[in-house]
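Chain by chain, the residues:
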Amino acid sequence: MINKLRFIFRLRKQSDTIKIVFIFGIIGILSMIRVGYYTWEIYHYINSPAEYVLTGDGNITQENINALLQEETIAMVSRQLNLPITITYNNTKTVLDATMLSKDFIAESLNLKEDSAAETKKIYVDEETFSQFLLEDKGIQDDITNITSLDIRCQMGDESPDADSDESGEKSADRPEQKYSAAKLISTKSVGAAHRAEESFIYIADVNQRLLKNASSLRVQFKKHDLDGLQIKHLRTLGYSIENEDRIQEEEYELEVELLHIRYGLLCFALSLLASCTLVKHYQGASH
């Protein structure tokens, strides 16, 4: 085997045809490496959970949730409420748009293992959002790469204590005063939620059954993605509208691009193989 390889390398130095065959061989190998990479990406995508935010014609009931949970392809369902939260840290106030979900949904979705009886409110954010928050806070002196959580003060809702005053500076009697409470801002880097590294989000668990009272949408997690769009079609036949359809269209576009890479990679490999075989035959015929 070693002698054959030495013979081939000697031919490469002596013949331009063999040099071209080597070039086509390298192109074919690189093409198959790209095909393997994008095939793995699609395989990983298909076997990862798919989440849809749904709205219906009427109010969300427990019967709606139970009916969805009966589906074999659905892993989890939670009521969802989008709301602004105001957090303070180092005397800096920041308003963020958060998504409130059930504790069980967040725990399963982010692979959390924590004490459900913990009283401190926890807000989970993706790594990029957490890093951006640290960069904007001038009071943080430590290396931000070593920080994975912060003890903050938090207030939920679209009103702040300052907003409870009218133009004359007096408290409005018909609006209760909202107070800040202790909370912990946690980067998903510290909980190992690497499968969500590509998605920007701010999650907060349900507090005082606010979801039951105010939620107007559902978040449904399927066990896997599908390539034919049957999941979305089925949800629509059940009477639901898809809120995060833009995100789904982006994923479908990315999938089409990856499939296109695979097609062109296979075509490039086939052409390289055909060209190499043709040149080898031509070289063998010329050498006799």
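The structure we're discussing is the one just above.
Residues numbered from 1 in each chain as written. Predicted model: local features only at pLDDT ≥ 70, side-chain atom pairs only at ≥ 80, totals over all residues. Heavy atoms only, no water.

*Asks:* Quick question: what am I supposed to make of the overall build of the protein here?
*Replies:* Across its full length, the protein holds eight helices and nine strands. Looking at the protein as a whole, 36% of its 288 residues are labelled buried. Partitioning the contacts of the protein with sequence separation of at least 6, the portion at a separation of at least 24 is 76%. Accessible surface computed for the protein: about 18400 Å², of which carbon and sulfur atoms make up 53%. (Helix = DSSP H or I, 4+ residues; strand = E, 2+ residues; numbered from the N terminus. Buried < 20%, exposed > 50% of the residue type's maximum accessible area, 1.4 Å probe, protein only. Contact = heavy atoms within 4.5 Å. Areas by Shrake-Rupley, 256 points an atom, 1.4 Å probe, with all protein chains shown as cover.)

*Asks:* Can you help me understand the pairing of strand 7 (residues 202–205) in this one?
*Replies:* For a regular strand, the rule is simple: side chains alternate between the two faces of the sheet. The alternating pattern of strand 7 places Ile-202 and Ile-204 on one face and Tyr-203 and Ala-205 on the opposite face, and all of these are buried. Of the pairings in the sheet, the one linking strand 3 (residues 92–101) to strand 7 comprises three bridges and is parallel in character. Each bridged residue has a counterpart across the sheet, and for Met-100 the counterpart in strand 7 is Ile-204. Here three bridges tie strand 4 (residues 121–125) to strand 7, and the two strands are oriented antiparallel to one another. Across the sheet, Ile-123 pairs through a bridge with Ile-204, a residue of strand 7. (Pairing = 2+ DSSP bridges.)

*Asks:* Explain helix 2 (residues 16–46) here, please?
*Replies:* Because an α-helix completes one turn every 3.6 residues, residues spaced three or four positions apart along the sequence face the same direction. Compared with the 45 Å implied by 1.5 Å per residue over 31 residues, the 45 Å span of helix 2 between its first and last C-alpha is a close match. Listed in full, the buried residues belonging to helix 2 are Ile-18, Val-21, Gly-28, Ser-31, Val-35, Tyr-38, Ile-42 and Tyr-45. (Expected span 1.5 Å × (residues − 1).)

*Asks:* Got a minute to help me understand the pattern of salt bridges in this structure?
*Replies:* Any two side chains of opposite charge can pair if their charged atoms end up close together. Within this structure, the stated rule accounts for five salt bridges. We note a salt bridge from Asp-151 to Lys-184, for which the minimum N-O separation is 2.6 Å. On the criterion of sequence distance, the pair formed by Asp-151 in strand 5 (residues 149–156) and Lys-184 in strand 6 (residues 181–187) is long-range, its members being 33 residues apart. For Lys-184, a relative accessible area of 24% gives the class partly exposed. In this structure, Glu-250 engages Arg-247 in a salt bridge whose closest nitrogen and oxygen atoms are separated by 3.7 Å. Taken together, the residues Glu-250 and Arg-247, both in helix 8 (residues 245–287) and three residues apart, mark about one turn of the helix. On the basis of relative accessibility, which here comes to 30%, the residue Arg-247 falls in the partly exposed class. Overlapping salt bridges bring together Arg-247, Glu-250 and Glu-251 as one network. (Salt bridge = Lys/Arg side-chain N within 4 Å of Asp/Glu carboxyl O.)

*Asks:* Would you take a moment to explain the nonpolar core for this structure?
*Replies:* Considering soluble globular proteins, one finds that nonpolar side chains tend to be buried as a cluster. In this structure, Ile-85, Ile-87, Ile-123, Leu-150, Ile-152, Met-156 and Leu-185 are the most contacted members of the largest nonpolar core, which totals 25 residues. Elements with a contribution of two residues or more to this core: strand 2 (74–89), strand 3, strand 4, helix 5 (127–136), strand 5, strand 6 and strand 7. The leading source of residues in this core is strand 2, at five residues. Sequence-distant contacts of Leu-185, defined by excluding residues within four places in its chain, comprise Ile-87, Ile-123, Val-125, Phe-130, Phe-133, Thr-148, Ser-149, Leu-150 and Ile-152. In this structure, Val-77, Leu-218, Phe-222 and Ile-242 belong to the second largest nonpolar core, which totals 16 residues. (Core = buried A, V, L, I, M, F, W, Y, C linked by side-chain atoms within 4.5 Å.)

*Asks:* Help me understand the side chain of Ser-217, please; the structure alone is not making it clear to me.
*Replies:* Along the chain, Ser-217 turns up in strand 8 (residues 217–222). Excluding residues that lie within four positions of it along the chain, Ser-217 makes contacts with Val-53, Leu-54, Thr-55, Ile-60, Ser-78, Arg-79, Gln-80 and Glu-243.

*Asks:* How should I be thinking about the side chain of Glu-51 in this particular structure?
*Replies:* When you line up the elements, Glu-51 lands in strand 1 (residues 50–55). Glu-51 sits in the buried class, given a relative accessible area of 14%. One polar contact links Glu-51 to Ser-109, side chain to side chain, over a distance of 3.5 Å. Within the structure, the side chain of Glu-51 is placed 2.8 Å from the side chain of Gln-221, a separation counted as a polar contact. (Polar contact = N/O pair within 3.5 Å; in protein donor to acceptor, adjacent residues only side chain to side chain.)

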